[in-house]
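Structural features, examined
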Amino acid sequence: MSDYQAYEDACEKIRAENAILLTEFVAWLEASGLSEKVVKKHRENIAFYINDYLLYDDALEAKDGVDAVSWFLGDWFIRKAMWSSQASIKENAASLKKFYAFMHEKGLVSADDLVELKQIVKEGMPDWLETMRDYNNAGIDDSW
């Protein structure tokens, strides 16, 4: 089996596990009393993170995604998601915090990982928003 086929097989297995996680995450969000619209947005954000970003270069499981959040929100999301904006960075950060709180409650990530994630978001947010602003302003000629 080629390395690529092994990667594809691992991604297929992870996507199946992610589908179950997303279903459980939605139920968890609904049980907390969030509106259908908010639940849908959190689900979309997390589906993009765990099924696109975490499987982009390597086959990473959702439980191993805490350490990847900074690179995702501070670079990859800004460059790869054409809908990225300062507001969507904040929305994704909120979704990620909720998702990893859910993962902690399920026993899939440690309390330390959850604390680390919240710290990463708190410390990284100003830089991510500045990067987004700079990215949007790149190439603008101020000569007029």
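About the criteria used
- Residues numbered from 1 in each chain as written.
- Predicted model: local features only at pLDDT ≥ 70, side-chain atom pairs only at ≥ 80, totals over all residues.
- Heavy atoms only, no water.
- Phe/Tyr/Trp six-rings, centres within 6.5 Å; stacked < 30°, edge-to-face > 60°.
- Helix = DSSP H or I, 4+ residues; strand = E, 2+ residues; numbered from the N terminus.
- Buried < 20%, exposed > 50% of the residue type's maximum accessible area, 1.4 Å probe, protein only.
- Axes fitted to C-alpha atoms, helices over the stretch in contact; angles between N-to-C directions.
- Parallel < 35°, antiparallel > 145°, perpendicular 65-115°, else oblique.
- Left-handed = near helix turned anticlockwise from the far one by under 90°.
- Contact = heavy atoms within 4.5 Å.
- Nonpolar A, V, L, I, M, F, W, Y, C, P; charged D, E, K, R; others polar.

**Things to note about the packing of aromatic side chains**
- One pass over the full model with this rule turns up 19 aromatic pairs.
- Judged by centre distance (5.6 Å) and plane angle (25°), the rings of Y49 and Y53 are stacked. Residue Y49 and its partner Y53 are both found in helix α2 (residues 36–53); the two are separated by four residues, about one turn of the helix. For the pair shown, Y49 and Y53 are each scored as buried.
- Ring geometry for Y49 versus F72: centroids 4.8 Å apart, planes at 70°, classification edge-to-face. With a gap of 23 residues between them, Y49 in helix α2 and F72 in helix α3 (residues 69–80) connect regions that are remote in the sequence.

**Describing the packing of α3 against helix α4 (residues 86–105)**
- α4 packs onto α3 with a crossing angle of 150° between their chain directions and a minimal axis gap of 11 Å. On the basis of the axis angle, α3 is roughly antiparallel to α4. Where α3 crosses over α4, the handedness of that crossing is right-handed. Residues V69, F72, L73, F77 and I78 of α3 pack against S88, I89, N92, A93 and L96 of α4.
- Split into classes, the residues belonging to the contact of α3 with α4 amount to eight nonpolar, two polar and no charged.

**Thoughts on the environment of D58**
- Take D58: it is sitting in the loop between α2 and α3.
- It is 14 Å that separates the C-alpha atoms of D58 and W71, two residues lying 13 residues apart in sequence.

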